Amino acid sequence: MLLQTPLAYFMIDDYPTCNQTYVTLCIYPVNYEPEVVTQRLGIQPTETQVKGTVLKPAAKISPTAALHGWFLCSKGLVDSRDIRNHLHWLLQQLSDKSVELNRLRQENCRMWISCYWLSKDGQGGPILCPELMGQMSQLGLEIGFDCY
């Protein structure tokens, strides 16, 4: 018999080996601009990009966006150095959106969760728990890590 322990029991806000972390749901629609994703999901993104627009106008080199992009990021919204808290927040936003996410996928939207992880001292790393991995799987979301 498996022990049924609440997910919050395992989360540690002051994660000892992490200096900073956050997660971003990245959706790249091919056939339409980001506001269509906003309408479909009923969620305001934290950032968007429109194909052909300048990404960093104040920079010396200002690249233009090659793709439309819709992003929902936990940076500044979740006060924790445990990536599980950031993923939990993101997955709560998406908990009733599986039909919409599948529809977007069928319309050639690429999507995944990108995780940023800055190690405190080069040792240790993020941990994912089965509950969160199960939720990501149910939503059909891949996960990638940028670790520094």
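Residues numbered from 1 in each chain as written. Predicted model: local features only at pLDDT ≥ 70, side-chain atom pairs only at ≥ 80, totals over all residues. Heavy atoms only, no water.

Student: Looking at this structure, I do not really get the overall build of the protein. What am I missing?
Tutor: Along the protein, the regular secondary structure elements total 4 helices and 5 strands. Beginning at the N terminus, the succession of helices and strands in the protein can be written as β-α-β-β-α-α-β-α-β. Dimensions along the principal axes, computed over C-alpha positions, put the protein at roughly 50 × 40 × 20 Å. Among the 148 residues that make up the protein, the fraction classed as buried is 40%. Nonlocal contacts in the protein, meaning residues at least 24 apart in sequence, comprise 75% of its contacts between residues at least 6 apart. (Helix = DSSP H or I, 4+ residues; strand = E, 2+ residues; numbered from the N terminus. Buried < 20%, exposed > 50% of the residue type's maximum accessible area, 1.4 Å probe, protein only. Contact = heavy atoms within 4.5 Å.)

Student: Please explain the packing of aromatic side chains as it appears in this structure.
Tutor: Aromatic ring pairs are described here by two measures, namely the spacing of the ring centres and the angle between the planes. Counted according to the given criterion, the structure contains 5 aromatic pairs. Arranged with centres 5.5 Å apart and planes meeting at 85 degrees, the rings of tyrosine 15 and tryptophan 117 form a pair that is edge-to-face. Here tyrosine 15, found in the segment before β1 (18–28), pairs with tryptophan 117, found in strand β4 (residues 110–119); they are 102 residues apart in sequence, far enough to count as distant. Taken individually, tyrosine 15 and tryptophan 117 each receive the classification buried, so the pair is uniform in this respect. Taken together, the ring pairs in this structure connect Tyr22, Tyr116 and Tyr148 into an aromatic cluster. (Phe/Tyr/Trp six-rings, centres within 6.5 Å; stacked < 30°, edge-to-face > 60°.)

Student: Can you help me understand the nonpolar core in this one?
Tutor: Across soluble globular proteins, nonpolar side chains show a tendency to be buried alongside one another. Core analysis: the biggest nonpolar cluster contains 28 residues, and Leu25, Ile27, Leu41, Trp70, Leu90, Leu104 and Ile113 have the highest contact counts within it. If you list the elements that add at least two residues to this core, you get β1, α1 (34–41), β3 (69–73), α2 (83–93), α3 (98–106), β4 and α4 (130–138). Broken down by element, this core gets its largest block of residues, 5 residues, from α2. What leucine 41 contacts, discounting residues up to four positions off in sequence, is Ile27, Trp70, Lys97, Glu100, Leu101 and Leu104. (Core = buried A, V, L, I, M, F, W, Y, C linked by side-chain atoms within 4.5 Å.)

Student: Just to check I follow, could you spell out the pairing of strand β5 (residues 142–147) for this structure?
Tutor: Two strands pair when backbone bridges link them, and β4 and β5 are joined in this way by 6 bridges, in the parallel orientation. Each bridged residue has a counterpart across the sheet, and for tyrosine 116 the counterpart in β5 is aspartate 146. Handedness of the crossover joining β4 and β5 through α4 is recorded here as right-handed. (Pairing = 2+ DSSP bridges. Right-handed = clockwise from strand over helix to strand, strands pointing away.)

Student: Whenever I open this one, the confidence of the model for the protein confuses me. Can you help?
Tutor: Detailed reading of the predicted model is not advised wherever pLDDT is low. The pLDDT averaged across the protein works out to 90; a share of 93% of its residues lies at or above 70. The weakest mean pLDDT in the protein belongs to α4 at 94; the strongest belongs to β3 at 98. (pLDDT = per-residue confidence, 0-100.)

Student: Even after reading the chapter, I still don't get the sheet that holds strand β2 (residues 47–49), so can you show me in this structure?
Tutor: Two modes of strand pairing occur in sheets, parallel and antiparallel, and in both the strands are linked by backbone hydrogen bonds. A sheet is described by the order of its strands in space; here 5 strands give the open sequence β2-β3-β1-β4-β5, paired in mixed fashion. The open sheet has two edge strands, β2 and β5, and neither has a second partner. In this sheet, adjacent strand axes meet at a mean angle of 20 degrees when their direction is disregarded. Seen against the sheet, α2 touches β1, β3, β4 and β5 and runs at an angle of roughly 25 degrees to β1. (Axes fitted to C-alpha atoms, helices over the stretch in contact; angles between N-to-C directions.)

Student: For this particular structure, what's the right way to read the packing of α2 against α4?
Tutor: Each pair of packed helices gets described by two things: the angle between the helix axes and the distance between those axes. Running from amino to carboxyl end, α2 crosses α4 at an angle of 35 degrees, the nearest separation of the two axes being 10 Å. Both α2 and α4 take part in a crossing whose hand is left-handed. Of α4, the residues touching α2 (which contributes Arg84, Leu87, His88 and Leu91) are Leu132, Gln135 and Met136. Among the residues forming the contact of α2 with α4, the class breakdown is 4 nonpolar, 2 polar and 1 charged. (Left-handed = near helix turned anticlockwise from the far one by under 90°. Nonpolar A, V, L, I, M, F, W, Y, C, P; charged D, E, K, R; others polar.)

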